[in-house]
Amino acid sequence: QVQLVESGGGLVQAGGSLRLSCAATGSIFSIYDMAWYRQAPGKQRELVALVTRLGITTYVDSVKGRFTISRDNAKNTVYLQMNSLKPEETAVYYCNARVQPTRSASLYGYWGQGTQVTVSS
């Protein structure tokens with residue numbers, strides 16, 4: 001069983017910074033893409049940033065230049081450094097990973113439990 005455990009959310013003033021972490025634990029042979037999504041109240045969950053196993057990154061346009069996604073493959077951990085935060089970015093942030101649990105297994109997508117980020121104006 002694979003679990004994704006997030007940390008680092010909280011309350012920050014507009015213009016401030018937060019760093020989210022997400023560690024994958026359990027039966028893991030290999031992790032492919034790791035990503036951060038967010039879901040604001042009344043809105044659909046959206047992809048914020050993604051990093052491949054080789055370190056190639058993708059960002060939603062609204063966070064380019066302010067957010068940085070990175071990963072530590074040795075620790076099975078993905079990070080999201082968020083700078084210059086805006087009130088409209090208040091949301092629950094979710095970690096997602098595509099994991100191959102064993103050498104012979106298929107890829108499965110896993111979600112973390114979510115961590116609340118609140119940006120005050």
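In case you missed it, the structure is sitting above this.
Residues numbered from 1 in each chain as written. Predicted model: local features only at pLDDT ≥ 70, side-chain atom pairs only at ≥ 80, totals over all residues. Heavy atoms only, no water.

Draft legend 1. Broad picture of the state of the cysteines. What the rule picks out here adds up to one disulfide. One disulfide in the model links Cys22 with Cys95; its S-S distance is 2.1 Å. One quick way to see it: the torsion about the S-S bond of Cys22 and Cys95 is about -80 degrees, and its sign makes the bridge left-handed. You can see Cys22 sitting in strand 3 (residues 18-26) and its partner Cys95 sitting in strand 9 (residues 91-100), a full 73 residues away along the chain. Residues Cys22 and Cys95 agree in their burial class; the two are buried. (Disulfide = S-S within 2.5 Å. Helix = DSSP H or I, 4+ residues; strand = E, 2+ residues; numbered from the N terminus. Buried < 20%, exposed > 50% of the residue type's maximum accessible area, 1.4 Å probe, protein only.)

Draft legend 2. Region of the structure containing unusual backbone geometry. The phi angle at Asn76 is positive, at roughly 50 degrees, despite the residue not being glycine. Checked against the element boundaries, Asn76 lands in the loop between strand 7 (67-72) and strand 8 (77-82). With a phi angle near 50 degrees, Ser84 is a residue other than glycine that sits in the positive phi range. As for its placement among the helices and strands, Ser84 is situated in the loop between strand 8 and strand 9. Look at Ser84 and you get partly exposed, because its relative accessible area is 39%.

Honestly, that's just the spatial picture; any functional story needs more than this.
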